[in-house]
Amino acid sequence: FIGDHPINNPVFENDTGIAYLFRSFDNDKIIPIDTIEFYNYGYYWFKEIMEGEYLVKTKLSQNSTHSRNFLPSYYTNELLWENANKIILADSNFYSANLYMVSTDYVQENGVGRIGGHVFQNEKSGNDVYQNVEVLLFNEEGLPLIYEYTNEFGEFEFDKLEFGTYKLQTEVTGKYSLSRFITIDETTPVIDTI
């Protein structure tokens, strides 16, 4: 669901969803199992799945009409994998795993602030960068604003930001990450070494 309705329902609005299925073992090992694109009435499905514990994550494709209004989300309505609800599959009678994507009303203004940097595996790894990592930007109160993915060099950037304090958080399913608060102002409008 995006808002009160499944994507493209009741009217087709050129949204394409992508659903990811992960299997969870002993709360500390998460393995990607399957990926599917969907657009018909918001329905996604995975078939021939073994019994066990699973996480489901969905996002709208970059070219979707509502891609900037809804953030990649886990079942049932979470941004971070460690807060996601697990789906316990015990038999073939589990048919409904409705997922409500987290919405944002944020509109990038014409601010002059910029926050950017790189995503590394850890402080000791040096040059081991992560590409295609989701980086979430929150306001100071913790409300989600927008997200980006790192490029092939592990770089991310949020621009046209108003001055203020923001929180950054990376999201990689099964990997823990620390959030970081950053303040940009007239003295320091650009911070690109995070």
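Further up the page is the structure itself.
Here is what the cut-offs are and how they apply
Residues numbered from 1 in each chain as written. Predicted model: local features only at pLDDT ≥ 70, side-chain atom pairs only at ≥ 80, totals over all residues. Heavy atoms only, no water. Helix = DSSP H or I, 4+ residues; strand = E, 2+ residues; numbered from the N terminus. Rg over C-alpha atoms; globule rule 2.2 N^0.38 Å. Buried < 20%, exposed > 50% of the residue type's maximum accessible area, 1.4 Å probe, protein only. Contact = heavy atoms within 4.5 Å. Areas by Shrake-Rupley, 256 points an atom, 1.4 Å probe, with all protein chains shown as cover. Lys, Arg positive; Asp, Glu negative; His and termini not counted. Charge placed at Lys NZ, Arg CZ, Asp CG, Glu CD. Salt bridge = Lys/Arg side-chain N within 4 Å of Asp/Glu carboxyl O. Phe/Tyr/Trp six-rings, centres within 6.5 Å; stacked < 30°, edge-to-face > 60°. Lys NZ or Arg CZ within 6 Å of the ring centre and 35° of its normal. Pairing = 2+ DSSP bridges. Axes fitted to C-alpha atoms, helices over the stretch in contact; angles between N-to-C directions.

Student: Would you mind showing me how to read the overall build of the chain here?
Tutor: From N to C terminus, the chain includes zero helices and 14 strands. Put simply, the chain runs from its N terminus to its C terminus through helices and strands in the order β-β-β-β-β-β-β-β-β-β-β-β-β-β. The C-alpha radius of gyration computed for the chain amounts to 18 Å, which stays within 12% of the reference 16 Å derived for 194 residues, consistent with globular compactness. Its C-alpha atoms put the chain at 60 × 45 × 30 Å along the principal axes. In the chain, which comprises 194 residues, the share counted as buried stands at 40%. Long-range contacts, defined as pairs at least 24 residues apart, comprise 61% of the intrachain contacts of the chain with a sequence gap of at least 6. Looking at the chain as shown, the accessible area adds up to about 11800 Å², and 47% of this sits on carbon and sulfur atoms. Put simply, the chain has 13 plus and 30 minus side-chain charges, and the middle of one group is 6 Å from the middle of the other.

Student: What should I look at first to understand the pattern of salt bridges in this one?
Tutor: As a working rule, side chains carrying opposite charge can pair if their charged atoms are close by. Tallied over the full model, the rule gives five salt bridges. The partner of Glu-134 in a salt bridge is Lys-57, with the nearest N and O atoms 2.7 Å apart. Taken together, the residues span a long stretch of sequence, with Glu-134 in strand β9 (residues 134-139) and Lys-57 in strand β3 (residues 52-60) at a distance of 77 residues. Judged by relative accessible area, Glu-134 falls into the buried class, the value being 2%. The partner of Glu-148 in a salt bridge is Arg-68, and the shortest N-O contact between them spans 3.2 Å. Of this pair, Glu-148 sits in strand β10 (residues 144-149) while Arg-68 sits in the loop between β3 and β4 (70-71); the two residues are 80 residues apart in sequence, bridging distant segments of the chain. Using a relative accessible area of 40% as the deciding quantity, one classes Arg-68 as partly exposed. Because the salt bridges share partners, they merge into one network encompassing Arg-114, Glu-157 and Asp-192.

Student: Please clarify how the packing of aromatic side chains should be interpreted in this entry.
Tutor: Geometry of an aromatic ring pair is reported as the spacing of the ring centres plus the angle between the planes. Taken as a whole and assessed by the stated rule, the structure comprises six aromatic pairs. Connected via pairs of aromatic rings, a cluster forms that spans Phe-38, Tyr-44 and Phe-46. Taking the ring centre of Tyr-147 as reference, the NZ or CZ of Arg-68 above it sits at 5.0 Å. Here the basic side chain of Lys-167 rests over the ring of Phe-138, its NZ or CZ set 4.8 Å away from the ring centre.

Student: Mind showing me how you'd approach the sheet that holds β10 here?
Tutor: Within a sheet, neighbouring strands are paired by backbone hydrogen bonds and run either parallel or antiparallel to one another. Taken in spatial order, the four strands of this open sheet run β10-β9-β12-β13, and their pairing is antiparallel. A strand with exactly one partner marks an edge of an open sheet, and here the two such strands are β10 and β13 (180-184). The average angle at which neighbouring strand axes cross in this sheet is 30°, direction not considered.

Student: Which parts of the structure should I look at to understand the sheet that holds strand β11 (residues 155-161)?
Tutor: With mixed pairing, the three strands of this open sheet are ordered in space as β11-β8-β14. Here the strands that pair on one side only, and so sit at the sheet edges, are β11 and β14 (190-191). In this structure, strand β8 (residues 113-118) lies alongside β14, joined through two bridges in parallel fashion. Looking at the pairing, Arg-114 lines up with Val-190 of β14.

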